[in-house]
Amino acid sequence: MSPQPPIPVSGPRPLAARRTEYRPGLLILTFAGEIDALTVPILERELRDTPPGTTLVDLTQIAFVGLAGARALAAAAARAGAEGRHFGLVASSRTLARLFRITGLAAGVPMFASLSDALRELLAAGLQDAAG
């Protein structure tokens, strides 16, 4: 009997992160993949190293956020508030919006349905200038 080729198993998608300084004082962190217990250290590392001003976390390319990811986002939002920085989330998925409502994150963090909505509101409000 000849060996069978391995059956492809779809494992967790790795988490990719991209940092974009849109303007001085306005950092956009874009994540793609899944945020779970295995990938949350990547999320936490990126969220820890944020400059003064406004941090906007774009989750529109995220397929899944586990409880560990929601906790990390809540902790980052709390840290930003304590340090006098602004923090916002972009999440177009109804599932993510529901998770953030259930965990209470949506109550204390500005949430936007698209990156263009977030930028329009933040730039109109001048939030990035308020902290820097």
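What comes next is a walk through the structure. (Residues numbered from 1 in each chain as written. Predicted model: local features only at pLDDT ≥ 70, side-chain atom pairs only at ≥ 80, totals over all residues. Heavy atoms only, no water.)

Quick look at the overall build of the protein
Phase 1 of the analysis: Within the protein, the regular secondary structure consists of six helices and five strands.
Phase 2 of the analysis: N-terminal to C-terminal, the α/β element order of the protein is β-β-α-β-α-β-α-α-β-α-α.
Phase 3 of the analysis: Here the protein, with 132 residues, has 40% of them falling under the buried criterion.
Phase 4 of the analysis: Across the protein, the fraction of contacts at a sequence separation of at least 24, relative to all contacts at a separation of at least 6, is 67%. (Helix = DSSP H or I, 4+ residues; strand = E, 2+ residues; numbered from the N terminus. Buried < 20%, exposed > 50% of the residue type's maximum accessible area, 1.4 Å probe, protein only. Contact = heavy atoms within 4.5 Å.)

A look at helix H5 (residues 115–125)
Phase 1 of the analysis: Every buried residue of H5 is listed here: Ala118, Leu119 and Leu122. Along H5, the residues classed as buried sweep out an arc of 95° about the axis, all on the same side. With respect to the buried face of H5, the exposed residues turned more than 90 degrees away are Arg120, Glu121 and Ala124. (Arc of directions from axis to C-beta.)

Focus: the sheet that holds strand S2 (residues 26–35)
Phase 1 of the analysis: In spatial order, the strands read S1-S2-S3-S4-S5; together these five strands make up an open sheet with mixed pairing. The sheet is open, and its two borders are formed by strand S1 (16–23) and strand S5 (111–112), each paired with just one other strand.
Phase 2 of the analysis: As paired elements, S2 and strand S3 (residues 54–65) share nine bridges and run parallel to each other. Of the residues in S3, the one forming a bridge with Leu26 is Thr54.
Phase 3 of the analysis: Docked against the sheet, helix H1 (residues 40–48) engages S1, S2, S3 and strand S4 (86–90), running at close to 180° with respect to S2.
Phase 4 of the analysis: Its contacts with the sheet place helix H3 (residues 94–103) against S3, S4 and S5, and it is angled at close to 115° to S3. (Pairing = 2+ DSSP bridges. Axes fitted to C-alpha atoms, helices over the stretch in contact; angles between N-to-C directions.)

Digging into the pairing of S3
Phase 1 of the analysis: On the question of chirality, the crossover connecting S2 to the parallel S3 by way of H1 is right-handed.
Phase 2 of the analysis: Viewed along the sheet, the connection from S3 through helix H2 (residues 67–82) into S4 turns out right-handed. (Right-handed = clockwise from strand over helix to strand, strands pointing away.)

Description of the pairing of S2
Phase 1 of the analysis: Taken across its ten residues, S2 has ten buried, putting it largely inside the fold.
Phase 2 of the analysis: With antiparallel pairing between neighbouring strands as the criterion, S1 and S2 make up a hairpin whose turn holds two residues, including Gly25 at a positive phi of roughly 90°.

Looking at the packing of H1 against H2
Phase 1 of the analysis: The interhelical angle for the contact between H1 and H2, taken along N-to-C directions, is 10°, at an axis separation of 10 Å. Classed by the angle they form, the pair H1 and H2 counts as roughly parallel. Between H1 and H2, the residues in contact are Val40, Leu43, Glu44, Leu47 and Arg48 and Ala68, Gly69, Ala72, Leu73, Ala76 and Arg79, respectively. (Parallel < 35°, antiparallel > 145°, perpendicular 65-115°, else oblique.)

Brief notes about the nonpolar core
Phase 1 of the analysis: By size, the foremost hydrophobic cluster in this structure holds 26 residues, and its most contacted members are Leu43, Leu59, Leu73, Phe87, Leu89 and Phe100.
Phase 2 of the analysis: Within the residue set of this core, elements represented by two or more residues are S2, H1, S3, H2, S4 and H3.
Phase 3 of the analysis: Looking at this core element by element, the count peaks at six residues for H2.
Phase 4 of the analysis: The residues contacting Phe100, other than those within four sequence positions of it, are Leu59, Leu73, Leu89, Ala91, Leu105, Ala106 and Met111. (Core = buried A, V, L, I, M, F, W, Y, C linked by side-chain atoms within 4.5 Å.)

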